[in-house]
Amino acid sequence: MGTRRPHDAVHGGVWRIGAGGSGTERGNAATDPPPPAPPLGQDRAAFLERDLPHLFDDVGIDARAYADAVEFLDPITK
Amino acid sequence: MRGERGSAAAGEDGNKTHPPSPPPRYSTLAGYKFNIAALRRVFSPTFILRGVRQTGPRELTTRWTMRMRVAALPASIAPALAFTGTSVMRVDAEGKFCYHADTWDAVTNQAYFSAEAAAHVARQVATLARPPAAVAVAAGDLLRKAAKFEVRRFETPLRVASCAAGGGAGFAAFKPLVDYITDRGVAMPTPVLGGGGALRFVRPPAGAPPPPPPPDSGITLADLPAGDYACGAFTGFAGDAAAARAESRLRADLAAAGLSVAPDATPFLAVYNGPDTLLPPARLNEVWLRLQDFDLWA
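What counts as what
- Residues numbered from 1 in each chain as written.
- Chains lettered and ligands numbered in written order.
- Predicted model: local features only at pLDDT ≥ 70, side-chain atom pairs only at ≥ 80, totals over all residues.
- Helix = DSSP H or I, 4+ residues; strand = E, 2+ residues; numbered from the N terminus.
- Buried ≥ 20, exposed ≤ 12 C-beta atoms within 10 Å, placed from the backbone.
- Contact = placed C-beta atoms within 7 Å.
- Domains from an automatic or database assignment.
- Core = buried A, V, L, I, M, F, W, Y, C linked by C-beta atoms within 7 Å.
- Pairing = 2+ DSSP bridges.
- Axes fitted to C-alpha atoms, helices over the stretch in contact; angles between N-to-C directions.
- pLDDT = per-residue confidence, 0-100.

Caption draft 1: Structural context of the overall build of chain A. Regarding its fold elements, chain A presents three helices and one strand. Along chain A, helices (α) and strands (β) appear in the sequence α-α-α-β when read from the amino end. Considering chain A as a whole, with its 78 residues, one finds that 27% of them fall into the buried category. Restricting the contact set of chain A to residue pairs at least 6 apart, pairs at least 24 apart contribute 44%.

Take a look at the structure:
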């Protein structure tokens, strides 16, 4: 399989999304099992803390943590 | 990849012959990722996550700083844009993020389409008063960009070479400081800090201490307190009257925002441009006031 992000290796036990495979491979909806749905709380905050710093880099956000429909808005975008 | 790791979106079949698809709606995951990718391509953003807090049963709020510039323009001329704010992120019943709403610290009307927010962007693009790009700047870490001031954190004391300003807007102190700096081969730093009866050149934050100043130069080495500084910008030639007006405005703006100035704070006047910048709107100055108990989340 592909590479793991360093922060997934460190924190993978919390969110369990970085359990192996490259980003693209892990995100294949046709073959990947659905991600677990842990209760909202510290684990989700920890996920954002390690995922959002990749918002604009080559790693990117982990799309599997997002629903198919994401409502986004800011003061000049909707 | 551009912000789309783990994508399940259309168009990932590797077929490069497909014509480009129209931009998806932002209410889809594909649209959300398109927005991120477009921002990255056009503005080369730098995103700093300050923290994450749970603010509801299915809701988290993040706080962040984002800096951007137009990627297609040389850094020397590209406008630098900065935003700070929060994002409310909600999850659905499956625990997946389904809602993301940004608020900007600089605007009060957050609702789309906010003319106030658009004007905030336009002002940053259009301003002529920018820090010179070629010299070291004591910038601090931008925590909050409000409409009328910024809050920047200096984690460590600002090391300065200081000289009594005397009269004439500190000109008497300028030459000995320049001689002291340039004799050591150090580039002229910006901003130059006035206020409190002294003129100060900021020294590099790290490295060996410089040699002692000549005994008869009137120069002393000092540390200005670390902390969170409110910075209010104004343009033009920064005489005493203009600086006093800017300080008065900044204090009023801070009071309106519920922020407190440290009782022992010395007001500093930060001047970014040398005398060779003649056009007043291109001359950037700031008043700095150290804050007391600044709460990033308040």
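Caption draft 2: Up close: the environment of Gly195 of chain B. With respect to the secondary-structure elements, Gly195 of chain B resides in the loop between strand S8 (192-194) and strand S9 (198-202). Residues Gly195 of chain B and Ala164 of chain B lie 31 residues apart in sequence; the distance between their C-alpha atoms is 9.9 Å.

Caption draft 3: Representation of the domain arrangement of chain B in the model. Residues and elements named next belong to chain B. Taken as a whole, chain B is organised into domain 1 (44-126) and domain 2 (141-292). Put simply, the middle of domain 1 and the middle of domain 2, counted by C-alpha atoms, are 29 Å apart. Contacts between domain 1 and domain 2 engage eight residues on the former and six residues on the latter. Examining the composition of the side of domain 1 that touches domain 2, we find that three residues originate from one element, strand S3 (residues 80-91), more than from any other.

Caption draft 4: Up close: the nonpolar core. If you look at the biggest cluster of nonpolar residues, it comprises 35 residues, and the most contacted ones within it are Leu177, Ala230, Leu250, Leu269, Ala270 and Val287 of chain B. Look past the residues within four positions of Leu177 of chain B in its chain and what remains in contact with it is Ala161, Cys163, Leu199, Phe201 and Ile219 of chain B. Counting residues in hydrophobic clusters, the runner-up holds 17 residues, among them Phe47 and Ile61 of chain A together with Phe34 and Val52 of chain B.

Caption draft 5: Geometry of the sheet that holds strand S1 (residues 46-56) of chain B. The five strands lie next to each other as S1(A)-S4(B)-S3(B)-S2(B)-S1(B), forming an open sheet whose pairing is mixed. Single-partner strands in this sheet number two, and they are strand S1 (66-73) of chain A together with S1 of chain B. Here the strands of the sheet are splayed against their neighbours by 25° on average, with no regard to which way each runs. In this sheet, strand S4 (residues 97-104) of chain B lies alongside S3 of chain B in antiparallel orientation, the contact comprising seven bridges. By the bridge assignment, Val91 of chain B is partnered in S4 of chain B with Phe97 of chain B.

Caption draft 6: Broad picture of the confidence of the model for chain A. Residue and element names in this part refer to chain A. On average, residues of chain A score 66 in pLDDT, and 47% of them are at 70 or above. Here helix H2 (residues 23-26) stands out as the element of chain A with the lowest mean pLDDT, 32, in contrast to S1, whose mean of 94 is the highest. Predicted confidence is poor over residues 1-29, with pLDDT under 50, and the contacts of this stretch with residues over four places away or in other chains come to 46 contacts.

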